[in-house]
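Chain and residue survey
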Amino acid sequence: MGFPHPSHERETPVLSKHFGNHEAIGLEGWRKQGGYQALQKALAMQPGEIVDIVKASGLRGRGGAGFPTGMKWSFMKPGDGKPHYLCCNADESEPGTFKDREIMRWTPHALVEGCAIGAYAIGAETAYIYIRGEFTEPLERMRTAVKEAYAAGILGPNAMGSGKRVDVHVHKGAGAYICGEETALMNSLEGRRGNPRIKPPFPAVAGLFGQPTTINNVETLVAVPHILMHGADWYKAMSLSSPKSTGSKLFSVCGNIARPGNYEVVMGFPFKDFLYDLCGGPPKGRTFKAVIPGGASVPIQTMEEAEATKMDYEGFVEQGTMLGSGGVIVIDDQQCMVKQIARLARFFAHESCAQCTQCREGTAWTTKIMERIRDGEGTAQDLDTLLSIADNMTGKTICVLSDSCAVPVVSGIKKFRGEFEALIKKTTYHPVMAAVA
Amino acid sequence: MTLSSTATLVHGHDEQYAPVFVGERRKELEEMFTRYPTKMACLLPTLWIVQEERGWVSDAGMAEVAELLELTPAYVKGVVTFYTMYHQHPVGKYFIQVCTTSPCGVCGAEDVVKALLEKTGCGELGVTSKDGKYTVIEVECLGACGFATPLMINDLVVESVTPERVPEILAGLS
């Protein structure tokens with residue numbers, strides 16, 4: 001639901017049904033909502049059956065990459081004599097994204113249950129939930145939920161009386177965007193600097209502590225209990241874009257918009273209706289100029305593109321961007337695009353782990369040049385220089401942070417070139433005049 | 001090497017360094033060891049405990065952690081400096097982080113920063129006010145973008161802050 005606003009009739013609140021409901025936070029309240037029935041059911045099944053149901057549901061990773069969850073789980077080979085791990089990525093740091101925060105604040109037991117089912121399905125004895133250090137309230141709620149679950153025998157050596165061991169632990173990060181990258185998260189959990197690792201080996205072969213590991217986003221894991229309870233067909237049927245994109249998705253909406261918040265809609269929902277109807281359109285007296293629909297790392301959309309978009313993995317790609325994490329940043333006509341893109345570049349420069357030269361140097365120089373254009377000190381060559389740096393930053397590094405910094409710059413210059421040129425030529429940019437010309 | 005000898009090796013602020021991991025905190029550490037296959041995995045959590053107890057992570061604190069986890073102090077320092085949330089020097093009683101990343105930036109976060117610097121008397125980012133009460137810094141995305149502009153005051157998140165609300169928020173602290 002559009003937390004902190006009342007649910008909109010066109011939303012489909014599955015994961016967000018209890019946002020704002022204090023009664024669902026604790027174990028007793030959660031049980032009254034049907035909590036832990038899915039885990040009970042799962043523990044009576046064969047792990048392979050659970051993986052098959054998740055595969056059939058078409059659930060794809062909600063953290064950004066959209067990889068099919070069931071397939072990811074099937075890469076794990078239980079019974080090979082090694083320890084196995086499940087990591088839950090709760091390092092939600094992508095600018096514009098705040099969905100996992102609300103999942104953990106309002107329904108911490110849903111995540112405990114999702115982790116326990118996931119761990120059991122992939123044959124992992126231990127699951128670690130890595131939560132960013134700034135999330136003090138979600139951390140506290142998750143720790144309390146895990147404690148309650150152990151005390152009630154839901155977790156531990158004899159999970160729900162099944163005779164099977166399931167351990168879930170909460171791990172607190174310490175401030176680093178890059179730790180949301182899966183292998184950086186594993187390094188951080190091991191007590192190292194959060195530098196991403198070269199792949200291969202992939203986590204399913206050598207992940208956390210060098211052992212086979214699966215890593216899933218919070219929203220992905222909390223969808224699993226619903227899929228187990230209602231079936232793969234139910235999950236597919238609610239989507240307007242089945243079978244490629246299935247189920248419902250949480251979108252966090254922020255920036256210049258009348259009703260910012262978390263909205264849950266089915267895959268394939270029209271983005272235009274989403275922005276103007278559910279979220280209330282632009283703030284009074286303003287108009288929308290641009291949208292960054294999937295967190296700061298995805299290409300910027302013009303309104304023309306955004307209004308033609310279907311909200312699913314393929315729909316966003318068709319309109320020149322990506323679904324990403326579902327963090328929708330809306331920018332209105334009062335904002336200078338150059339200033340906003342410069343700020344994004346600064347973010348990536350700050351967060352670069354600095355192990356790859358292209359990223360360390362590229363993010364810093366991009367920021368420097370963007371800021372001088374912003375300040376009216378840009379030169380005619382700057383746009384070409386920026387594009388050349390961006391080219392050298394794309395597809396050449398261990399992880400995609402470098403690419404993510406290049407993305408808003410390249411899409412910004414392509415779609416809002418007039419604003420850049422006006423600042424360089426020290427003229428005033430008139431969008432209407434530019435459209436006529 | 002014993003803990004007390006570690007402490008005497010470190011000069012500067014901490015010649016009187018008293019170990020953090022005694023009594024309950026020591027028990028907490030022993031329990032923590034059971035959750036991970038390596039002692040090193042306890043590094044971030046133990047550094048958090050040092051900061052909770054002392055308000056920051058000193059070289060002596062790092063040395064204590066290093067010894068407990070069978071690491072070198074240099075390794076621990078390498079990890080501490082990677083992460084933004086460990087304070088490597090003392091900070092004000094109220095450590096105020098303002099999110100100024102783009103989603104908050106388009107909603108006026110810069111004005112909130114200005115109001116905070118003025119009303120706390122800090123004047124500059126990262127500088128502690130003369131009375132030792134406040135340190136204000138800009139922070140990258142607090143993950144509360146729908147509630148722009150969020151502040152984090154020590155462990156407390158305050159949502160939807162405007163420059164007008166700053167005096168009332170500061171008054172509520174003391």
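Residues numbered from 1 in each chain as written. Chains lettered and ligands numbered in written order. Predicted model: local features only at pLDDT ≥ 70, side-chain atom pairs only at ≥ 80, totals over all residues.

1. Focus on the overall build of chain B
The helix and strand tally for chain B stands at 8 helices and 4 strands. Tracing chain B from N to C terminus, the helices and strands come up as α-α-α-α-α-β-α-α-β-β-β-α. Each principal axis of the C-alpha distribution contributes one length, and for chain B these read about 55 × 35 × 25 Å. Taking all 174 residues of chain B together, the buried fraction comes to 40%. Of the contacts formed within chain B by residues at least 6 apart in sequence, a portion of 57% connects residues at least 24 apart. (Helix = DSSP H or I, 4+ residues; strand = E, 2+ residues; numbered from the N terminus. Buried ≥ 20, exposed ≤ 12 C-beta atoms within 10 Å, placed from the backbone. Contact = placed C-beta atoms within 7 Å.)

2. Let's talk about the overall build of chain A
Each helix and strand counted, chain A has 19 helices and 11 strands in total. Against the compact-globule benchmark of 22 Å for 437 residues, chain A has a radius of gyration of 22 Å, which places it among compact chains. When the backbone C-alpha atoms are referred to their principal axes, chain A occupies close to 75 × 45 × 35 Å. Going through the 437 residues of chain A one by one, you find that 58% of them count as buried. In chain A, once contacts between residues fewer than 6 apart in sequence are set aside, the share between residues at least 24 apart is 70%. (Rg over C-alpha atoms; globule rule 2.2 N^0.38 Å.)

3. Points about the domain arrangement of chain A
Residues and elements named next belong to chain A. Looking at chain A, the domain boundaries give domain 1 (22–237), domain 2 (248–332) and domain 3 (337–436). Inter-centroid distance (C-alpha atoms) of domain 2 to domain 3 is 22 Å. With 8 residues of domain 2 in contact, the opposing surface of domain 3 contributes 10 residues. Residues belonging to the side of domain 2 that touches domain 3 are distributed by class as follows: 6 nonpolar, 2 polar and no charged. (Domains from an automatic or database assignment. Nonpolar A, V, L, I, M, F, W, Y, C, P; charged D, E, K, R; others polar.)

4. Quick look at the interface of chain B and chain A
Between chain B and chain A, the contact holds 34 residues from the first and 47 residues from the second. Contributions of two or more residues to the side of chain B that touches chain A are made by α3 (43–54), α5 (73–80) and α6 (102–105) of chain B. Among the elements that take part in the side of chain B that touches chain A, α3(B) stands out by supplying 4 residues, more than any other. Tallied by class, the residues present in the side of chain B that touches chain A amount to 23 nonpolar, 8 polar and 3 charged.

5. Focus on the domain arrangement of chain B
Assigned domains of chain B: these are domain 1 (3–80) and domain 2 (94–171). For domain 1 of chain B and domain 2 of chain B, the distance between their C-alpha centroids amounts to 30 Å.

6. Some thoughts on the sheet that holds strand β6 (residues 261–266) of chain A
Residue and element names in this part refer to chain A. Pairing in this open sheet of 5 strands is mixed, and the strands run β6-β5-β11-β8-β9 from one edge to the other. The open sheet is flanked by β6 and β9 (301–302), the only strands paired with a single partner. Here strand β8 (residues 288–292) pairs with β9 via 2 bridges, running antiparallel. Paired with valine 291 across the two strands is glutamine 301, which belongs to β9. (Pairing = 2+ DSSP bridges.)

7. A short note on the environment of Thr427(A)
Counting through the fold element by element, Thr427(A) comes out in the loop between α18 (417–425) and α19 (431–436). The exposure class assigned to Thr427(A) is exposed, which follows from the 10 C-beta atoms found within 10 Å.

8. Remarks on the sheet that holds strand β3 (residues 151–153) of chain B
Residues and elements named next belong to chain B. The 4 strands lie next to each other as β2-β1-β3-β4, forming an open sheet whose pairing is mixed. Every other strand in the sheet has two partners, leaving β2 (134–139) and β4 (156–158) as the edge strands with one partner each. Each strand of the sheet is rotated relative to its neighbour by a mean of 20°, with strand direction disregarded. Strand direction decides the pairing type here: strand β1 (residues 94–99) and β2, joined by 6 bridges, are parallel. Directly across from cysteine 99, in β2, lies its bridge partner valine 139. (Axes fitted to C-alpha atoms, helices over the stretch in contact; angles between N-to-C directions.)

9. Observations regarding the environment of Gln355(A)
In this structure, Gln355(A) sits in the loop between α14 (337–351) and α15 (357–374). Sequence separation between Gln355(A) and Gly295(A) is 60 residues; the distance between their C-alpha atoms is 23 Å.

10. A look at the nonpolar core
All names here are of chain A. Core analysis: the largest hydrophobic core is formed by 183 residues, its most contacted members being Cys88, Leu111, Cys115, Ala116 and Ile129. When residues in this core are grouped by element, the largest group, 10 residues, is from helix α6 (residues 108–122). Apart from residues no more than four positions distant in its own chain, cysteine 88 is found in contact with Leu111, Cys115, Ala127, Ile129, Tyr130, Asn216, Val218 and Leu221. (Core = buried A, V, L, I, M, F, W, Y, C linked by C-beta atoms within 7 Å.)

11. A closer look at the packing of helix α3 (residues 47–57) of chain A against α6(A)
Residue and element names in this part refer to chain A. Where α3 meets α6, the axes come as close as 7 Å, and the angle between the chain directions of the two elements is 115°. By the angle between their directions, the pair α3 and α6 is classed as roughly perpendicular. Relative to α6, α3 is oriented so that their crossing is left-handed. Facing α3, whose interface residues are Pro47, Ile50 and Val51, α6 presents Ile117, Tyr120 and Ala121. For the contact of α3 with α6, a count of residues per class yields 6 nonpolar, no polar and no charged. (Parallel < 35°, antiparallel > 145°, perpendicular 65-115°, else oblique. Left-handed = near helix turned anticlockwise from the far one by under 90°.)

12. Digging into the packing of helix α4 (residues 59–68) of chain B against α5(B)
Residue and element names in this part refer to chain B. Running from amino to carboxyl end, α4 crosses α5 at an angle of 115°, the nearest separation of the two axes being 8 Å. The interaxial crossing formed by α4 with α5 has right-handed handedness. Residues Met62, Ala63, Val65 and Ala66 of α4 touch α5, and the partners they reach there are Pro73, Tyr75, Val76, Lys77 and Val80.

13. Some thoughts on unusual backbone geometry
Residues and elements named next belong to chain A. In this model, lysine 199 is joined to proline 200 through a cis peptide bond whose omega is -5°. The topology assignment puts proline 200 in the loop between α8 (182–189) and β4 (213–217). Cis peptide bonds are those with omega within 30 degrees of zero, and the linkage from serine 242 to proline 243 qualifies with 10°. Considering the arrangement of structural elements, one finds proline 243 in the loop between α10 (232–237) and β5 (248–255). The backbone phi angle of methionine 160 is positive, close to 50°, even though this residue is not glycine. Tracing the sequence through the fold places methionine 160 in the loop between α7 (136–151) and β3 (167–172). Notably, alanine 354 is not glycine yet its phi reads approximately 75°, a positive angle. Following the sequence through the fold, alanine 354 ends up in the loop between α14 and α15.

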